Amino acid sequence: MHVLKLPVHATPGAKRTEAAGAYAGALRVRLGAPPVDGKANAALIDWAARVFGVPKARVELLHGAGGRQKTLGVRFDDAAALAAAQALVADWMAAGDA
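Note that this is a predicted model, so its numbers are computed, not measured.

How each quantity is defined
- Residues numbered from 1 in each chain as written.
- Predicted model: local features only at pLDDT ≥ 70, side-chain atom pairs only at ≥ 80, totals over all residues.
- Heavy atoms only, no water.
- Helix = DSSP H or I, 4+ residues; strand = E, 2+ residues; numbered from the N terminus.
- Rg over C-alpha atoms; globule rule 2.2 N^0.38 Å.
- Contact = heavy atoms within 4.5 Å.
- Areas by Shrake-Rupley, 256 points an atom, 1.4 Å probe, with all protein chains shown as cover.
- Expected span 1.5 Å × (residues − 1).
- Buried < 20%, exposed > 50% of the residue type's maximum accessible area, 1.4 Å probe, protein only.

Enquirer: Could you clarify how one ought to interpret the overall build of the protein in this entry?
Expert: Scanning the protein from terminus to terminus reveals 2 helices and 5 strands. Overall, the protein shows an N-to-C arrangement of helices and strands of β-β-β-α-β-β-α. Here the protein has a C-alpha radius of gyration of 12 Å; the compact-globule value for 98 residues is 13 Å, and the two agree. Overall size of the protein, expressed as C-alpha extent along the three principal axes, is 35 × 35 × 20 Å. Considering only residue pairs separated by 6 or more positions, the protein has 46% of its internal contacts joining residues 24 or more positions apart. Roughly 5400 Å² of accessible area belongs to the protein as shown, and the carbon and sulfur atoms make up 53% of that amount.

Structure follows, in structure tokens:
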């Protein structure tokens, strides 16, 4: 199993859930859910599963459940899938710096 550890700066209460570039070395993710009752964390996990093409069971919130700074763990079957995910994250991070 290959794991992507993704630092995330979460911004809850946005109009839609999407990657929004880099923020202090982390990927900024706007969350279309409020930060109450775990709704923002659930939206983050749903988003990550969708964009990386893995089941939700393979996405885990490793750190930061109660704050904006979070770390996601996403498990992939092979190194190629992990490399593709890392490239996608790099593209998102670079787009935010422009």
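Enquirer: How do you make sense of helix 1 (residues 39-52) when you look at a structure like this?
Expert: Because an α-helix packs 3.6 residues into every turn, residues spaced three or four apart end up facing the same way. Compared with the 20 Å implied by 1.5 Å per residue over 14 residues, the 20 Å span of helix 1 between its first and last C-alpha is a close match. Every buried residue of helix 1 is listed here: A40, N41, A43, L44, W47, A48, A49 and F52. Positioned one or two residues after helix 1, G53 has a phi angle of 65 degrees, which is positive.

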